[in-house]
Each structure stands twice: as structure tokens, then as C-alpha cells.
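Okay, here's what each chain looks like letter by letter:
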Amino acid sequence: MAAAPVSVVLPVRNEEENIRRAIESLAVQPEIAEIVVVDDHSTDRTAEILKNLATRIPHLRVVRNGALPEGSVGKSHALATGAEQARSAWLLFTDADVCHAPGGVGRALALARQSGAALVSFSPAQEMASWWERAVIPRVYTALAQEFSYEAVSDPARPVAAANGQFLLVRREVYEATGAADAIEREILDDVALARRVKDAGYCLHFAPGEDIARTRMYRRFPEMWRGWTKNLFPLLGANWRCVGGWLAKIFFADLSPVVVLLTAAVAWGRGGGAGWLAAAGLAAAILVVRHLLYARALRANRFPLHSIWYYVVGSLLFAALMVHSAVKYTRGRIEWKGRSYAV
Amino acid sequence: MSQEVLLTRRAEFSAAHFYYNPALSAEENERLFGKCANRQGHGHNYTLEVTVAGTPDPRTGMVVDLKELKEILQREVLDLFDHRSLNHEVPLFRDRIPTTENIAVAIWGLLAPQIRKGRLHRVRLYETPDLFVDYYGGGDAG
């Protein structure tokens, strides 16, 4: 078994703010034999930063993403281009906004060997600085965890498959044997598509929280987050209006309406209204308490800080708005991603 | 004939290292490197002298902007090496033994592309006050 059995494949497009931290955190991991960065036509200082990093990191290689074939998605094409260049037994797909913990790759490899999984993926710990990150990110991730639970994905007996492209470690021979490059080329959700292809081919997945593996700051500005979840939510939630409708109904009746009822009933009762108003306020409050307790449990299970609970209601409102926006964009048939427009 | 002047800036950093070639046996490593083969590592207070050659600018009288040179040294060398375990934390030494010689050559490689005014003439690295290495860029310097 080689001492450094991992090739990193890191697609980048205009990542001047993040790329240095990501690469430096990978460069010191002894299990990594090479870091293949695929520059997808960056127009900012990314290329210059990569050139400087290459003078101090001998096993860093920078490759240009070629011209994009018709119908292909830029990032997915970059992943496939990088994987083609990689030589090691394991491929680690990751993103520029991820900072890898010391020893993280070693722990991931050990888990892969222990579990016998051909694909190991972790959700990095989330760095959240602003109120809108704290409101939306845990709300969305805990909801997605209901669709794609870690236990279900890691269970070979259950068909559901998912992965997080921020840390996705897969055996190169499995990636090649399953034709994964073709599976992801035209997909916006490259990580889920790859996981599905590998699990459908009969291999095991291991999907788990990864706060000891890596951390990420996904969005620094609200418009970035808005665009990012618009791109991802509709396909993640089932890619049809029936599923989205179900989620919206749950948020409307269980999260948002009780707030309106509580406020209205409390005011009405305060103005001398009958006991009926008090009962209504009490019921609404009870529903909200239960919802918050359930959210607290989900936050703990998904390794989010408990103080995110204060943002539950506003998080639900933004989640609902994002869902609708994503569904409308997909229904209209066009999605924008880093300066490119894709037909969906 | 223009007057070429050599300007030297000194900087210090502390770092740990050990000497070990994984291609050789443990016995061979100990024979070659003695106590330095201990992979727990040992430390040095290095002194680095960077010499730049050039003709003083007629307007400023300077061969190179000293503030800029200091920033380059800090950013390209000290931030990378200072208070680090060279074998473990500096990717340049994953496959190269961090002897004073190899560190000097590595520092040349980091600095030369950044020095645009004047020309990097010599990197001198003291491992101890009694032991230093000079590197002139491998023969392509004037």
C-alpha cells in the first residue's frame, strides 16, 4: 500500500479569496501524493496565486479546463479533466472553500478501509459569520438530512445515495469502472450523481458529518448564497413541484402560520378578547415550541451550534423563498452558475 | 561602466528538522546522519542573509526598495519556515532532506521570481554561527 495513495482533484473558477487556504491545508497532508487543480478559465487573481503556490508546493499541478463541450457543466467537466490526470489509487474531490484539518485525509482513508466503502464523503463543519448564514445554512442542511440521512446513504440495503462534493474520496478504479465521468459531465449536482452511479453499481458508500475532517465558509455575501441554493435546492428536493409543495406546506402550517396566529391572538386577547383567543395563542405557541425542540435535536445530530435555534423562523422563511425561487428558475429552464448559463 | 553594488538584508527564523532518507535503512541513516537522524527532530535559530545586486537608481540612490525586500522575505520565506517543523509542515521538504544546503537552494527558488528590481546575487544561510552555506543560483547568475 503506497504511503501517499491520494490524488486531490480541485476545480477552481475565480477563487482568489479562498484558494490559498484550501491548497495550503492539503499540502501538509502526507497521504496526498499530488494536488491537481483544474482552473476553469478564472479571470481574477486565481491563476497568479496558483503560480506562486506552485513554487513552494512541488506536488501541486495546475491544469486548464478545456473548452466546454455543448451541454456540459463547467465544474463537472473540470472534475473529470482533473480525474483523468490523477495517478493515485484514491481520488479526493474537494472545493476551494474548504479548509482541511491536519490528519483529516488520514482519518478519512482509515474509515474507508475499515468500512470497506468505495466512496467516502463528509460534510465539513460550517463557518458562519453573518445572521443570514446562521439562519439558512443549518435550516437547509437539517432539512436535506431528512431526504439524505447519513445512515440511509451508508446502508447498502437502502437505495438512497448522496455525497458532499466538498470532501468526496473515491477509489480511482471504481470511478473508472462505473463510468462516473460520464455520469457527472452534464449534472449540476455532480456529487449526488457520482454517489448514485457508484451505489447503483453495487459499491458501498460511507457518508458522515466531518467536523474533524474539514471546515468550510461557503458564502461570504448574501447574493452568493442566494444564487448557490437556487442552483441546488430544486434538484435536491426531488426536482418536481409536488415535492416542493409538500415542503412549502409544512413550513407554512408548522413554522410560519403559528407565528402569525400567536401574534394576532395575543393582541386580540390583550385587547379584551375572549378565552378563545388565549387558547389559539396557546396552541400556536405550543406548535412553535415543538418545532423548535425538533430543530434543536436536528441541529445537534448534524453538528450545528445550538444557537442557530434563534434563527429558526427567519431561516424557515428564507428557506421557503429559496425553494420557490429555485423551482421557478428550473421550471423556466435556465440556471446561472459563475457567469455561465445552463439549460435545465 | 556602471557601478554594481551588493545590498544584503538579514533575517532570522527558528525551525525544527531531522535528516532521514526513507530509501535507506535505519542503520544507514544513523551512520550517515548520526544524532540528526532522530525523527523527533531538533531545532536551530537560522540566520538568513539575502544579497541583491544592482546599480543604484539615480533618483533614490537605492539598488532595491528595502521595505519591499523585507515584505518579500517575510511573505515568501519567514511565513513559511519560521517556527515550523520543516519535514512535516513545509511541502518543499516532503521529498528533500532539509539540510542547510537544500534550505538555501529552496529559499533561492522562492525569492528569485519575486525580486524584480535588481538581481538576486546570493543566499547565505547560517545554521549555527559556525556553519553557513552560500548559494549563487546554480551558475546562471552573472
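As shown above, the structure is provided for reference.
A brief structural summary. Only a predicted model underlies this, so the values are computations on that prediction, with no experimental measurement involved. (Residues numbered from 1 in each chain as written. Chains lettered and ligands numbered in written order. Predicted model: local features only at pLDDT ≥ 70, side-chain atom pairs only at ≥ 80, totals over all residues. Heavy atoms only, no water.)

### Examining the overall build of chain A
Part 1 of the argument: From N to C terminus, chain A includes 13 helices and 10 strands.
Part 2 of the argument: Overall, the C-alpha framework of chain A stretches about 75 × 40 × 35 Å when taken along its three principal axes.
Part 3 of the argument: Looking at chain A as a whole, 54% of its 344 residues qualify as buried.
Part 4 of the argument: Long-range contacts, defined here as pairs at least 24 residues apart, represent 79% of the contacts in chain A between residues at least 6 apart.
Part 5 of the argument: Entry remark: accessible area of chain A is about 15,200 Å², with carbon and sulfur atoms responsible for 59%.
Part 6 of the argument: For chain A, the distance from the average position of its 39 positive side-chain charges to the average position of its 32 negative side-chain charges is 5 Å. (Helix = DSSP H or I, 4+ residues; strand = E, 2+ residues; numbered from the N terminus. Buried < 20%, exposed > 50% of the residue type's maximum accessible area, 1.4 Å probe, protein only. Contact = heavy atoms within 4.5 Å. Areas by Shrake-Rupley, 256 points an atom, 1.4 Å probe, with all protein chains shown as cover. Lys, Arg positive; Asp, Glu negative; His and termini not counted. Charge placed at Lys NZ, Arg CZ, Asp CG, Glu CD.)

### Brief notes about the overall build of chain B
Part 1 of the argument: Along the backbone of chain B there are 4 helices and 5 strands.
Part 2 of the argument: With respect to the three principal axes, the spread of C-alpha positions in chain B is 60 × 30 × 25 Å.
Part 3 of the argument: In chain B, the proportion of contacts linking residues at least 24 apart, taken out of those at least 6 apart, comes to 67%.
Part 4 of the argument: Total accessible area computed for chain B in this model is approximately 8,200 Å², and 49% of it derives from carbon and sulfur atoms.
Part 5 of the argument: Both charge centroids of chain B, one from 17 positive and one from 20 negative side chains, sit 4 Å from each other.

### Some details on the sheet that holds strand 7 (residues 167-171) of chain A
Strand pairing in a sheet relies on backbone hydrogen bonds. The paired strands run either parallel or antiparallel.
Residue and element names in this part refer to chain A.
Part 1 of the argument: Overall, mixed pairing links the 8 strands, which are arranged 3-2-1-4-7-6-8-5 in an open sheet. Both edges of this open sheet fall to strand 3 (60-64) and strand 5 (98-100), since each of them pairs with a single strand only. Between one strand axis and the next, the sheet turns through 30° on average, direction left out of account.
Part 2 of the argument: With 3 bridges joining them, strand 6 (residues 119-126) and strand 7 adopt antiparallel strand pairing. Paired with Ser-121 across the bridge in strand 7 is Leu-168. (Pairing = 2+ DSSP bridges. Axes fitted to C-alpha atoms, helices over the stretch in contact; angles between N-to-C directions.)

### Observations regarding the interface of chain B and chain A
Part 1 of the argument: Contacts between the two partners involve 10 residues from chain B and, on the opposite side, 12 residues from chain A.
Part 2 of the argument: The interface formed by chain B and chain A contains 1 salt bridge.
Part 3 of the argument: In this structure, Arg56(A) and Glu76(B) form a salt bridge, with 3.0 Å as the shortest nitrogen-oxygen distance.
Part 4 of the argument: Elements that contribute at least two residues to the side of chain B that touches chain A include exactly helix 2 (66-81) and helix 3 (86-89) of chain B.
Part 5 of the argument: A total of 3 residues in the side of chain B that touches chain A trace back to one element, the largest contributor, which is helix 2 of chain B.
Part 6 of the argument: When grouped by side-chain class, the residues that make up the side of chain B that touches chain A number 4 nonpolar, 2 polar and 4 charged. (Salt bridge = Lys/Arg side-chain N within 4 Å of Asp/Glu carboxyl O. Nonpolar A, V, L, I, M, F, W, Y, C, P; charged D, E, K, R; others polar.)

### Some details on the pairing of strand 8 (residues 205-216) of chain A
Residues and elements named next belong to chain A.
Part 1 of the argument: Among the 12 residues of strand 8, 9 are classified as buried, and the element is accordingly described as predominantly covered.
Part 2 of the argument: Where strand 6 lies against strand 8, 8 bridges are found, and the strand directions are parallel. Counterpart to Gln-126 in the pairing with strand 8 is Thr-216.

### Concerning the pattern of salt bridges
Residues and elements named next belong to chain A.
Part 1 of the argument: Summed over the entire model, instances satisfying the criterion amount to 30 salt bridges over all chains.
Part 2 of the argument: With its nearest N and O atoms 3.2 Å apart, the salt bridge here joins Glu-127 to Arg-21. Highlighted residues: Glu-127 in the loop between strand 6 and helix 5 (131-147) and Arg-21 in helix 1 (residues 19-27), separated in sequence by 106 residues.
Part 3 of the argument: With a relative accessible area of 21%, Glu-127 lands in the partly exposed category.
Part 4 of the argument: Overall, Arg-21 belongs to the partly exposed group, its relative accessible area being 29%.
Part 5 of the argument: Residue Asp-190 is joined to Lys-75 by a salt bridge in which the shortest nitrogen-to-oxygen separation is 3.9 Å. Residue Asp-190 is located in helix 9 (residues 190-200), and its partner Lys-75 is located in helix 3 (residues 74-85); the two are separated by 115 residues in the primary sequence.

### Observations concerning the layout of surface pockets
Part 1 of the argument: Counted as a void, the second largest pocket has a volume near 740 Å³.
Part 2 of the argument: Surrounding the second largest pocket, 28 residues form its lining, Arg20(A), Glu24(A), Asn52(A), Arg56(A) and Leu80(B) being those nearest its centre.
Part 3 of the argument: Elements supplying a minimum of two residues to the lining of the second largest pocket: helix 1 and helix 2 (46-56) of chain A together with helix 2 and helix 3 of chain B.
Part 4 of the argument: When the residues that make up the lining of the second largest pocket are grouped by side-chain class, the tally is 9 nonpolar, 7 polar and 12 charged. (1 Å grid on protein atoms, 1.4 Å probe; cavity = no way out; pocket = protein on both sides within 12 Å on 5 of 7 lines; lining within 4 Å. Points joined across faces, edges and corners; volume = space filled by probe spheres on them.)

### Some points on the packing of helix 11 (residues 241-270) of chain A against helix 13 (residues 312-332) of chain A
Residue and element names in this part refer to chain A.
Part 1 of the argument: Between helix 11 and helix 13, the least distance of the axes is 10 Å, while the angle of their chain directions is 155°. Comparing the axis directions of helix 11 and helix 13 gives the class roughly antiparallel. For helix 11 against helix 13, the interelement crossing comes out left-handed. Where helix 11 abuts helix 13, its residues Trp-241, Val-244, Trp-247, Leu-248, Ile-251, Asp-255, Leu-256 and Val-259 lie against Tyr-312, Val-313, Ser-316, Leu-317, Phe-319, Ala-320, Met-323, Val-324, Ala-327, Val-328 and Thr-331.
Part 2 of the argument: Broken down by class, the residue content of the contact of helix 11 with helix 13 amounts to 16 nonpolar, 2 polar and 1 charged. (Parallel < 35°, antiparallel > 145°, perpendicular 65-115°, else oblique. Left-handed = near helix turned anticlockwise from the far one by under 90°.)

### Thoughts on the nonpolar core
Part 1 of the argument: If you look at the biggest cluster of nonpolar residues, it comprises 68 residues, and the most contacted ones within it are Phe93(A), Tyr175(A), Leu194(A) and Trp229(A).
Part 2 of the argument: Dropping the residues within four chain positions of it, Leu194(A) is found in contact with Phe93(A), Leu119(A), Leu168(A), Tyr175(A), Ala180(A) and Ile184(A). (Core = buried A, V, L, I, M, F, W, Y, C linked by side-chain atoms within 4.5 Å.)

### What to know about the packing of aromatic side chains
Note on aromatic pairs: each is described by the distance of the centres and the angle between the planes.
Residue and element names in this part refer to chain A.
Part 1 of the argument: Applying the stated criterion across every chain yields a total of 18 aromatic pairs over all chains.
Part 2 of the argument: Seen in terms of ring centroids, Trp-247 and Phe-319 are 6.0 Å apart; in terms of plane orientation they differ by 65°. Their pairing is edge-to-face. In this pair, Trp-247 is assigned in helix 11 and Phe-319 in helix 13, connecting sequence segments 72 residues apart. As far as burial versus exposure is concerned, Trp-247 and Phe-319 are alike and both buried.
Part 3 of the argument: Aromatic ring contacts, followed pair by pair, group Tyr-141, Tyr-219, Trp-229 and Phe-304 into a single cluster.
Part 4 of the argument: For the cation-ring pair, Arg-139 lies above Tyr-295, with the distance from its terminal atom to the ring centre recorded as 6.0 Å.
Part 5 of the argument: It is Lys-250 that lies over the ring of Trp-247; its NZ or CZ is 4.7 Å from the centre. (Phe/Tyr/Trp six-rings, centres within 6.5 Å; stacked < 30°, edge-to-face > 60°. Lys NZ or Arg CZ within 6 Å of the ring centre and 35° of its normal.)

### A few points about empty space enclosed by the protein
Part 1 of the argument: Inspection of the entire model under this criterion finds 2 cavities of 30 Å³ or more.
Part 2 of the argument: Looking at the largest cavity, its volume works out to about 60 Å³.
Part 3 of the argument: Residue lining of the largest cavity: Val64(B), Asp65(B), Glu68(B), Leu69(B), Ile72(B), Ile115(B), Arg116(B) and Lys117(B), and that is the complete set.
Part 4 of the argument: The class makeup of the residues in the lining of the largest cavity is 4 nonpolar, no polar and 4 charged.
Part 5 of the argument: What the second largest cavity holds in volume is close to 50 Å³.
Part 6 of the argument: What lines the second largest cavity is simply Lys75(A), Leu79(A), Phe93(A), Thr94(A), Asp95(A), Gly165(A), Leu168(A), Asp190(A), Asp191(A) and Leu194(A).
Part 7 of the argument: Those elements giving two or more residues to the lining of the second largest cavity turn out to be helix 3, strand 4 (90-94) and helix 9 of chain A.

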